[in-house]
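# Commentary on secondary and tertiary structure
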Amino acid sequence: MSITEIITNLVFQLAAIIFAARIFGRLAAKVGIPSVLGELISGIIIGPFALGGLSFPGFPNGLFGITESLAGSVSPELYAFAQIASIILLFASGLETDLSLFIKYSVSGGIIGLGGVVVSFFFGSGCAYFILPVLGIECSSLFDVKCLFLGIMSTATSVGITARILSDKKEMDSPEGVTILAAAVFDDVLGIVLLAIVMGIVSALGSGESLSGGAIGLIALKAFGIWLLATVLFILLSKKIARFVRFFGGATDFSIAALGVAFLLAGFFEKQSIAMIIGAYTTGLALSGTDIVPVIQEKIHSLYKFFVPIFFAVTGMSVDVTKLFSQKVLVCGGIYTLAAVLSKLLGCGLPALALGFNLKGGFRIGSGMIPRGEVALIIAGIGLTAKDAQGLPIVNQDLFGVVILMTLVTTLVAPPVLNLSLSLKGRGTKKEISNAESQIFEWDFKNQELTHLVMDILHRDLRSEGFYVQMMNITDGICTARRGDTAISLREEGTNLVIETAEEDMGFVKGELYEIMIRLNKSMQSLSALKNTTSLQYGFACPENRVTNSVKRYLNPACISCNLKGNTKDEILQEMLGLLIQSGNVENREKVLSALREREKSMSTGLEKGIAIPHTKTDGVKDISVAIGISRQGVDFDSLDGEKSRIFVMLVSPSEGSAPLMRAMSAFTGALMHEEIRSALLSAENENAVIAILKDSKKL
């Protein structure tokens, strides 16, 4: 196959993956499960063992025909994309790791995190020792590399799912919530260390070395030493690294440069026979305490959204569905999943009993650590391509199916189990803790853009107060701010800013928010540009405005009237809204009317030459809508030139999305500035005549 054919196939494959991953990801989110599971399932469905293996014109072996290569059942090119995605994913995970929380809760969080990792590792490897023979896989001992791999895969915790539930239940600031988040940090770090050690062992086996217990110990020490040295060195040099990447330019440039550093360390770790993802995580961990973290998270978000779903889809494509649903895989997967759930409940819950928690608290902490996710899937993917001493994949298709089942089930089971534990009445600590109860403060800014702005300023102000502000994951709207014993949870819900913290800290938060609003108000009042917006408004009323034919598709005879009856501005607004409703896009009439009125209060939309363009953005419509009305007698609309308005164009679009409201306004005003078009419209006898005039006009 020529290089052109290979690249062409790759382009088609990526297109199919992008659409499938997003469709199934959104469907999963709609039914209340993590989108990552939808992306994984999309890969299984379109993969080479399912629809992707069906032949059709141009693709005799299917779009994703099974390929026997070093990359397993997917092409090396597609596998390379998935590996890049895994580096971005782990780099982002490192950035989200709260290093200060790691240090502060080094005792309680460390004990619980260590308990969860140790018990999960031994439960996972011990379970593997018994299920591997059932799957027809040779297993020499508990320290067989296959057992070690299954042990590592059972340690990983996906705390993003837990964080969402804790936030919804208003338990982020509870003793259990704080402990879960702290333990999850240790869980991630210790899991990475174990992976480094096992990858060192895999490398030695691959080179044909015969390993004794002492040799394994030396390999483990070497792998741990490389990881520890790199981590400590990067943390100590984190501020210098931040200054170095800033050298490359603005926010976008230095964020990409930071990702370049992650790729560099990932390559170095791979050269040392340690997984690339460990180098990526270490880079993110080192930079997590610097002031450029929120900027990097924001700027790499688009890369994350593009690459990471590809990773999960490609992982799903490696699943052989014929083996996934075989009896032995289902039975072994069930046993391994049960071990994975119990290991977190016991490994994290029991140590909590010795740290001031009662049985309820221990159950809540153990439940919060159940969900597996991204890291488990990445490690499983590494096992598919890594070879043992006999040159066979460490994780074959049967074993891969077992891991996929465990990941799916633990992710689905965790939310109801955690919800059940949190709904149990009574405190989770042995002794009453005065600050265990948190308060919720919610403020509606009535405008989503203003909510975003206030949230950004609040993040910056809290950092200046010495708080560590952390996004729980790159795609989640929840973030936490911590300093000393103060913990604050922040999230946006539409136009609302929701803040959760302890009662004694709520006064500080409200005061901080009040100061922000005073500063914003002062800034708006002192902004001299606001005193001369008339010249900006005249910008729309320019006959040479760039226009586009796309606005013609919004013209609907049902939304046009050649004889408006209203005599006042408000009557015209209501009458025009009645026309707009005929488009079928208006979902909440009162919300749209309120938004239109608010826009008129801030400044009239009456232009000059008898034209008025009332417009707004609101959640009350599902798509951009246009209504056109002609008033024969004219209405006082507070126009710029003081004349009555006779031609009205109402434009309303959703608050979110890519509806071209401003471009549509520019097109209509540009066309209506021409005398011949205005005269023709004022003489139009019916709605179809209005549409014909506008469609025939070269100005629209």
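Residues numbered from 1 in each chain as written. Predicted model: local features only at pLDDT ≥ 70, side-chain atom pairs only at ≥ 80, totals over all residues. Heavy atoms only, no water.

### Some details on the overall build of the protein
Definition in use: What counts as a helix is a DSSP run of H or I of at least four residues, what counts as a strand is a run of E of at least two, and both are numbered from the N terminus. Per-residue accessibility, obtained with a 1.4 Å probe over protein chains only, is compared with the maximum for each type, and a residue is labelled buried under 20%, exposed over 50%, and partly exposed between these values. Residue contacts are counted whenever heavy atoms from the two residues lie within 4.5 Å of one another. Under the convention used here, a 1.4 Å probe and the Shrake-Rupley method define accessible areas, while residue burial counts only the protein chains that appear.
Secondary structure assignment for the protein yields 27 helices and 10 strands. Burial statistics for the protein: of 700 residues in total, 54% are counted as buried. For the protein, restricting intrachain contacts to residue pairs at least 6 apart in sequence, the fraction spanning at least 24 positions comes to 74%. Taken as a whole, the protein presents about 30600 Å² of accessible surface, with 60% of it coming from carbon and sulfur.

### Focus: the confidence of the model for the protein
Filter applied, for reference: Each residue carries a pLDDT score, the predictor's confidence in it, ranging from 0 to 100.
For the protein, per-residue confidence averages 80 on the pLDDT scale, and residues scoring 70 or more make up 84% of the total. When mean pLDDT is compared element by element in the protein, helix 23 (residues 569-581) scores highest at 93, while helix 22 (residues 534-540) scores lowest at 49.

### Quick word on the packing of aromatic side chains
Stated formally: The criterion for an aromatic pair is that two Phe, Tyr or Trp rings (for Trp, the six-membered ring) have centres within 6.5 Å, with stacked assigned to planes under 30 degrees apart, edge-to-face to planes over 60 apart and tilted to the rest.
Under the criterion given, the structure shown has 12 aromatic pairs. On the numbers, 5.6 Å between centres and 85° between planes, the contact of Phe-12 with Phe-59 is edge-to-face. Note that Phe-12 is positioned in helix 1 (residues 3-30) and Phe-59 in the loop between helix 2 (35-46) and helix 3 (76-96), a separation of 47 residues in sequence. A residue is classified by how much of its surface remains accessible, and Phe-12, at 45% relative accessible area, is partly exposed.

### Observations concerning the side chain of Ser-421
Definition in use: We call two N or O atoms a polar contact when they sit within 3.5 Å, provided that within protein one can donate a hydrogen and the other can accept it, with sequence-adjacent residues counted only if both atoms are side-chain atoms.
Relative to the helices and strands, Ser-421 resides in helix 19 (residues 397-423). Residue class for Ser-421 comes out buried when judged on its relative accessible area of 0%. Separated by 2.7 Å, the side chain of Ser-421 and the backbone oxygen of Leu-418 make a polar contact. When near neighbours in sequence (up to four residues on either side) are disregarded, Ser-421 contacts Phe-363, Arg-364 and Ser-367.

### Let's talk about the nonpolar core
Most often, soluble globular proteins have nonpolar side chains that are buried together. Rules: By nonpolar core we mean a set of buried residues, namely Ala, Val, Leu, Ile, Met, Phe, Trp, Tyr and Cys, connected to one another through side-chain atoms within 4.5 Å.
Counting 116 residues, the largest nonpolar core has Phe-91, Phe-149 and Ile-278 as the members making the most contacts within it. Considering each element in turn, this core owes the most residues, 11 residues, to helix 8 (residues 175-206). With sequence-adjacent residues up to four places away left out, Phe-149 is seen in contact with Val-198, Met-199, Val-202, Ile-379, Ile-382, Gly-383, Ile-394 and Val-395. Within the second largest apolar cluster, 27 residues are counted, among which are Val-626, Ala-671, Ile-691 and Leu-694.

### What about the pairing of strand 10 (residues 645-653)?
Note the cut-off: Criterion used throughout: strands pair if DSSP finds at least two bridges between them.
Counting buried positions along strand 10 yields 8 of 9 residues, so the element is predominantly enclosed. Where strand 7 (residues 611-612) and strand 10 come together, 2 bridges link them in parallel fashion. When the sheet's bridge partners are listed, Ala-612 is paired in strand 10 with Phe-648. In this sheet, strand 10 lies alongside strand 8 (residues 615-617) in parallel orientation, the contact comprising 3 bridges. Note that in strand 10 the partner of Lys-617 across the bridge is Ser-653.

### Thoughts on the side chain of Asp-144
Applied cut-off: Neither His nor the chain termini are counted; the positive set is Lys and Arg, and the negative set is Asp and Glu. Whenever Lys or Arg places a side-chain nitrogen within 4 Å of a carboxyl oxygen from Asp or Glu, that contact is recorded as a salt bridge.
With respect to the helices and strands, the residue Asp-144 is situated in the loop between helix 5 (108-134) and helix 6 (145-153). The side chain of Asp-144 sits in the buried core without any salt bridge; Lys-146 is the nearest counter-charge, 4.2 Å away. Of the polar contacts made by the side chain of Asp-144, one reaches the backbone nitrogen of Lys-146; its length is 2.8 Å. Excluding anything up to four places from it in sequence, Asp-144 contacts Glu-138 and Cys-139.

### Re the pattern of salt bridges
This structure, assessed with the given rule, holds 7 salt bridges. Among the ionic pairs, Asp-638 bridges to Lys-569, the shortest N-O distance being 3.2 Å. Here Lys-569 lies in helix 23 and Asp-638 lies in the loop between strand 9 (625-635) and strand 10, a separation of 69 residues in the sequence. As a salt-bridge pair, Lys-601 and Glu-598 come within 3.7 Å of each other at their nearest N and O atoms. Separated by 3 residues within a single helix, Lys-601 and Glu-598 lie in helix 24 (residues 589-602), roughly one turn from each other. If you follow the salt bridges from partner to partner, you end up with Lys-569, Glu-600 and Asp-638 in one network.

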